[in-house]
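# Summary of structural features
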2 protein chains.
Amino acid sequence: MTEITKLAPEKKHGLIVVITGNGKGKTTSALGMALRAAGHDMRVCIIQFMKGDMYAGEWDGVKMLDGRVELISTGKGFCGIQGNPYSHAEHRQNAQDAIKLAYEKITSKEFDVIILDEINNSLKLKLIELEQILGLIKAKPQLTHLILTGRDAHPQVIEIADTVSEVNEIKHAYRKDIEPQPGIDY
Amino acid sequence: MTEITKLAPEKKHGLIVVITGNGKGKTTSALGMALRAAGHDMRVCIIQFMKGDMYAGEWDGVKMLDGRVELISTGKGFCGIQGNPYSHAEHRQNAQDAIKLAYEKITSKEFDVIILDEINNSLKLKLIELEQILGLIKAKPQLTHLILTGRDAHPQVIEIADTVSEVNEIKHAYRKDIEPQPGIDY
């Protein structure tokens, strides 16, 4: 029989985690942390920047987690990509609203984990300002974990973070003209 | 109002996805795909190689997904790391049993997604053979997705895969002597 250890940190930390890079597995990694946190009976809030124009499996997936995970998609799709019909001003308005919402959720103290999905590239695309991200980080209660995903994370955000992973694409099925597949890609 | 598109691929593919590298976010990414797949009402089987000696939030998290995700931890912790009391032979026996179990699950056709967590490093650590991984890939029904996680993925596995991401550590909280935190690290 394998003996099972149950870890419990002597000192609790509210971590700042950044998941960046151009590969597949940033949002999915954040979703995995949400699932893991739910297993620990923690409360999670996911705010998706830009996303909201395309159904994704996680929208229904998190509903199964007995109210532990709230997911809000605030956007109109990826700003500037081919086929997206919305102007930069429209995307910016959405992202600005998402920042306000993030501030409310972070300071509500209702959540153990806050995930700001695609916030890094929202900054890169000038939908929000660096000071706004820094303001959210500063507003974070000490024991709340804050997870920031999206490519092109700002160097100052990386500097402040405790854990930073860069997900690099080695290859991706879409380059072989394989369409996005449910459960894997969305 | 943002119009919501619901994608549906014209051609379904069973993808081979590899998540490798030394950074945080490989298992968590696979867990995110499990959550996403559950949202699509797909069936998922997760077999964890080596893991099983330490409680992780995902063990209870997946139980909330209404029977859609089965998770089996087959191991005795990471082979060869400091503090792990089990011999290479014991780890190898466990990994060999996990391969048999993986074969049964893959060929059962009961699952849309099979996740073999930490299988890549199990090969690197000589707990299993390359031919065994290639055999599992070959046995995969056409429309089943197979996700292989763990650092040091074998070049031939990367060659066969459709989507490969490498998660690199930029920084990690443990280097600042912050202990693993529930919901984030386990």
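Quick summary incoming for the structure in this document. (Residues numbered from 1 in each chain as written. Chains lettered and ligands numbered in written order. Predicted model: local features only at pLDDT ≥ 70, side-chain atom pairs only at ≥ 80, totals over all residues. Heavy atoms only, no water.)

If you tally the helices and strands in chain A, you get 6 helices and 6 strands. Moving toward the C terminus, one meets the helices and strands of chain A in the order β-α-β-α-β-α-β-α-α-β-α-β. Taken over the C-alpha trace, chain A has a radius of gyration of 17 Å; the compact-globule value for 186 residues is 16 Å, and the two agree within 12%. If one aligns the C-alpha atoms of chain A with their principal axes, the spans along those axes are about 55 × 40 × 30 Å. (Helix = DSSP H or I, 4+ residues; strand = E, 2+ residues; numbered from the N terminus. Rg over C-alpha atoms; globule rule 2.2 N^0.38 Å.)

Okay, the packing of helix 3 (residues 88-107) of chain A against helix 5 (residues 130-139) of chain A next. Residue and element names in this part refer to chain A. Running from N to C, helix 3 and helix 5 cross one another at 10°; their axes reach a closest spacing of 9 Å. If you check the angle between helix 3 and helix 5, you find them roughly parallel. Facing helix 3, whose interface residues are Q96, I99, A102, Y103, I106 and T107, helix 5 presents Q132, L136 and A139. Split by residue class, the contact of helix 3 with helix 5 holds 6 nonpolar, 3 polar and no charged. (Axes fitted to C-alpha atoms, helices over the stretch in contact; angles between N-to-C directions. Parallel < 35°, antiparallel > 145°, perpendicular 65-115°, else oblique. Contact = heavy atoms within 4.5 Å. Nonpolar A, V, L, I, M, F, W, Y, C, P; charged D, E, K, R; others polar.)

Another aspect to go through is the side chain of N84 of chain B. Residue and element names in this part refer to chain B. Its place among the elements puts N84 in the loop between strand 3 (69-73) and helix 3 (88-107). Among the polar contacts listed, one links the side chain of N84 to the backbone nitrogen of Y86, at a separation of 3.1 Å. Side chain to side chain, N84 and H91 meet in a polar contact 2.9 Å long. (Polar contact = N/O pair within 3.5 Å; in protein donor to acceptor, adjacent residues only side chain to side chain.)

This part covers the relation of the copies chain A and chain B. Taken as rigid bodies, chain A and chain B are interconverted by a rotation of 180° and an axial shift of 0.0 Å, the fit giving an RMSD of 0.0 Å. On the angle and the small slide along the axis, the relation comes out as a two-fold axis. Most of the interface of chain A is mirrored in chain B, where 100% of its interface residues are also at the interface. (Least-squares fit on C-alpha atoms with pLDDT ≥ 70 in both.)

Chain A puts 77 residues into the contact, and the matching count from chain B is 77 residues. In terms of surface lost to chain B, no three residues of chain A exceed R36, M64 and K171 of chain A, which account for 12% of the buried area on that side. Inspection of the chain A/chain B interface yields 4 salt bridges. R36 of chain A is the salt-bridge partner of E58 of chain B, the closest N and O atoms lying 2.8 Å from each other. Scanning the region where chain A abuts chain B turns up 46 residue pairs in polar contact (both at pLDDT 80 or more). Secondary structure elements with two or more residues in the side of chain A that touches chain B: helix 1 (27-39), helix 2 (57-61), strand 5 (145-149), helix 6 (155-160) and strand 6 (163-171) of chain A. Top contributing element to the side of chain A that touches chain B by residue count: helix 1 of chain A, with 11 residues. Across the side of chain A that touches chain B, the residue classes tally to 34 nonpolar, 22 polar and 21 charged. By the bridge criterion, 7 bridges tie strand 6 of chain A to strand 6 (residues 163-171) of chain B in an arrangement that is antiparallel. (Buried area = accessible area lost by both parts, 1.4 Å probe. Salt bridge = Lys/Arg side-chain N within 4 Å of Asp/Glu carboxyl O. Pairing = 2+ DSSP bridges.)

Attention now moves to the pairing of strand 4 (residues 113-117) of chain A. Within a regular strand, the side chains alternate between the two sheet faces. Residues and elements named next belong to chain A. Most of strand 4 is tucked away: 5 of the 5 residues are buried. Side chains V113, I115 and D117 of strand 4 all project onto a buried face; the interleaved residues I114 and L116 project onto the opposite face, where all are buried too. For strand 2 (residues 44-48) and strand 4, the ladder comprises 5 bridges, and the chain directions are parallel. For C45, the partnering residue across the bridge sits in strand 4 and is I114. Summarising the sheet, strand 4 and strand 5 pair through 4 bridges and their orientation is parallel. If you follow I114 over to strand 5, its bridge partner there is L146. (Buried < 20%, exposed > 50% of the residue type's maximum accessible area, 1.4 Å probe, protein only.)

Residue and element names in this part refer to chain B. L130, I133, L136 and I137 are the residues of helix 5 (residues 130-139) that are buried. Summarising the axial view, the buried residues of helix 5 lie within an arc of 130°, below the 170-degree limit, and thus occupy one face. Facing away from the buried side of helix 5 by more than 90 degrees, the exposed set consists of E131 and K138. Buried residues along helix 5 sit against strand 1 (16-20), helix 3, strand 4 (113-117), helix 4 (119-124), strand 5 (145-149) and helix 6 (155-160). (Arc of directions from axis to C-beta.)

Right, let's get into the packing of aromatic side chains. According to the stated counting rule, one finds 2 aromatic pairs over all chains in the structure shown. Judged by centre distance (5.7 Å) and plane angle (75°), the rings of Y55 of chain A and W59 of chain A are edge-to-face. In this arrangement the basic side chain of K76 of chain A is found over the ring face of Y86 of chain A, its NZ or CZ atom lying 4.6 Å from the centre. Across from the ring centre of Y55 of chain A, 4.1 Å away, lies the NZ or CZ of K6 of chain B, which sits over that ring. (Phe/Tyr/Trp six-rings, centres within 6.5 Å; stacked < 30°, edge-to-face > 60°. Lys NZ or Arg CZ within 6 Å of the ring centre and 35° of its normal.)

Let's shift gears to the pairing of strand 2 of chain A. All names here are of chain A. In terms of residue burial, strand 2 counts as a mostly covered element, since 5 of its 5 residues are buried. Taking every second residue as pointing to the same face, both faces of strand 2 are buried, with V44, I46 and Q48 on one and C45 and I47 on the other. Note that strand 2 and strand 3 (residues 69-73) share 5 bridges and pair parallel. By the bridge assignment for strand 3, C45 is matched with E70.

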